[in-house]
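Analysis of the macromolecular model
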Amino acid sequence: TRNEFWGGNLRLLTSQTMYNRIVKNLPFLLGRYKITNWAKQKINDGIWVHTHNALAQTVADAKKQKNGQPHFTYLHLNIPHDPYLCDSLGNRVDVSVAAKYTTVQRQDAYLQYLVYGNKIILQWVNEIQAATKSKAVIMIMSDHGVRPFNDQSQVRRRVDNLNAIYLPNKN
């Protein structure tokens, strides 16, 4: 995760400067305001790489732990979050096509990405359990529920959160 308060060095002092804000936000702003498909693709590629690298890194870190020493890992993922990067099988979505989705197509894209997200999160849980001989405490939480697609009758779904905890005693 990118956090201005962790990581040391000069990031704490420089993270909120104009230069760093531009570097961090320019591709997103270009994509959001439909300036270029290049910017959208750049954002999507970055999210894709971050997601898969972060999951792999947490498993690698868990495998390195010796002598039962406690280890804490925090991971924030944008799954299943717009932009919906792939279908249920993990096939990447063309950003120029996705930009023209209707509301119904966006709902389908969300569900497809949700299926893919569930698969990789379950795979990650299995890998963490294998790496730690099922001694890890694993917490999976959402920061918000699904955001409805212009359907006011579904507004309460925004606050439906997931909170799943696995304890080593298999509770």
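Now for a description of the structure that goes with this document. Computed from a predicted structure; not experimentally measured.

What counts and what doesn't
Residues numbered from 1 in each chain as written. Predicted model: local features only at pLDDT ≥ 70, side-chain atom pairs only at ≥ 80, totals over all residues. Heavy atoms only, no water. Helix = DSSP H or I, 4+ residues; strand = E, 2+ residues; numbered from the N terminus. Buried < 20%, exposed > 50% of the residue type's maximum accessible area, 1.4 Å probe, protein only. Phe/Tyr/Trp six-rings, centres within 6.5 Å; stacked < 30°, edge-to-face > 60°. Salt bridge = Lys/Arg side-chain N within 4 Å of Asp/Glu carboxyl O. Contact = heavy atoms within 4.5 Å. Polar contact = N/O pair within 3.5 Å; in protein donor to acceptor, adjacent residues only side chain to side chain. Expected span 1.5 Å × (residues − 1).

Moving on: the environment of P83. Positionally, P83 belongs in the loop between α3 (37-64) and α4 (95-98). The partly exposed category is assigned to P83, whose relative accessible area is 26%. Separated by 15 residues in sequence, P83 and A98 place their C-alpha atoms 8.7 Å apart.

The subject of this paragraph is the packing of aromatic side chains. This model, assessed by the stated rule, comprises four aromatic pairs. Seen from their ring centres, Y84 and Y110 are 5.9 Å apart, and the 70° between their planes marks the pair as edge-to-face. With Y84 in the loop between α3 and α4 and Y110 in helix α5 (residues 103-131), this residue pair connects regions lying 26 residues apart in the sequence. Assigned by exposure class, Y84 and Y110 land together as buried. The interplanar angle of 10° and the centroid separation of 6.4 Å between the aromatic rings of Y113 and Y116 together place this pair among those described as stacked. On the criterion of helical spacing, the pair formed by Y113 and Y116 is a turn pair, its members being three residues apart in helix α5. As far as burial versus exposure is concerned, Y113 and Y116 are alike and both buried. In this structure an aromatic cluster arises from ring pairing among W48, Y84, Y110, Y113 and Y116.

Further remarks concern the pattern of salt bridges. Taken as a whole, this structure holds one salt bridge when the rule is applied. The salt bridge involving D45 is made with R92; its shortest N-O contact spans 3.0 Å. Residue D45 is located in helix α3, and its partner R92 is located in the loop between α3 and α4; the two are separated by 47 residues in the primary sequence. Judged by its relative accessible area of 35%, R92 is partly exposed.

The next thing to look at is the environment of D87. Along the chain, D87 falls in the loop between α3 and α4. Owing to a relative accessible area of 23%, D87 belongs among the partly exposed residues under this scheme. Between the C-alpha atoms of D87 and L111, which are 24 residues apart in sequence, the distance is 8.5 Å. Ignoring sequence-local partners within four residues, the contact set of D87 consists of V93, Q112 and Y116. A polar contact is formed between the side chain of D87 and the backbone nitrogen of L89, at a distance of 2.9 Å.

We now examine α3. Taking 1.5 Å of rise per residue, the 28 residues of α3 would be expected to cover 40 Å, and the 40 Å separating its terminal C-alpha atoms lies within 8% of that figure. Of all the positions in α3, only A39, K40, I43, N44, I47, W48, T51, A54, L55, T58, V59 and A62 are classed as buried.

At K133, a position not held by glycine, the phi torsion is positive, near 55°. Within the secondary structure, K133 is located in the loop between α5 and β1 (138-141). On the basis of relative accessible area, K133 is assigned to the exposed category, the value being 67%. In this model, S134 sits at a positive phi of 60°, which is unusual for a non-glycine residue.

Within the secondary structure layout, T132 lies in the loop between α5 and β1. At a separation of 3.4 Å, a polar atom in the side chain of T132 contacts the main-chain amide nitrogen of A136.

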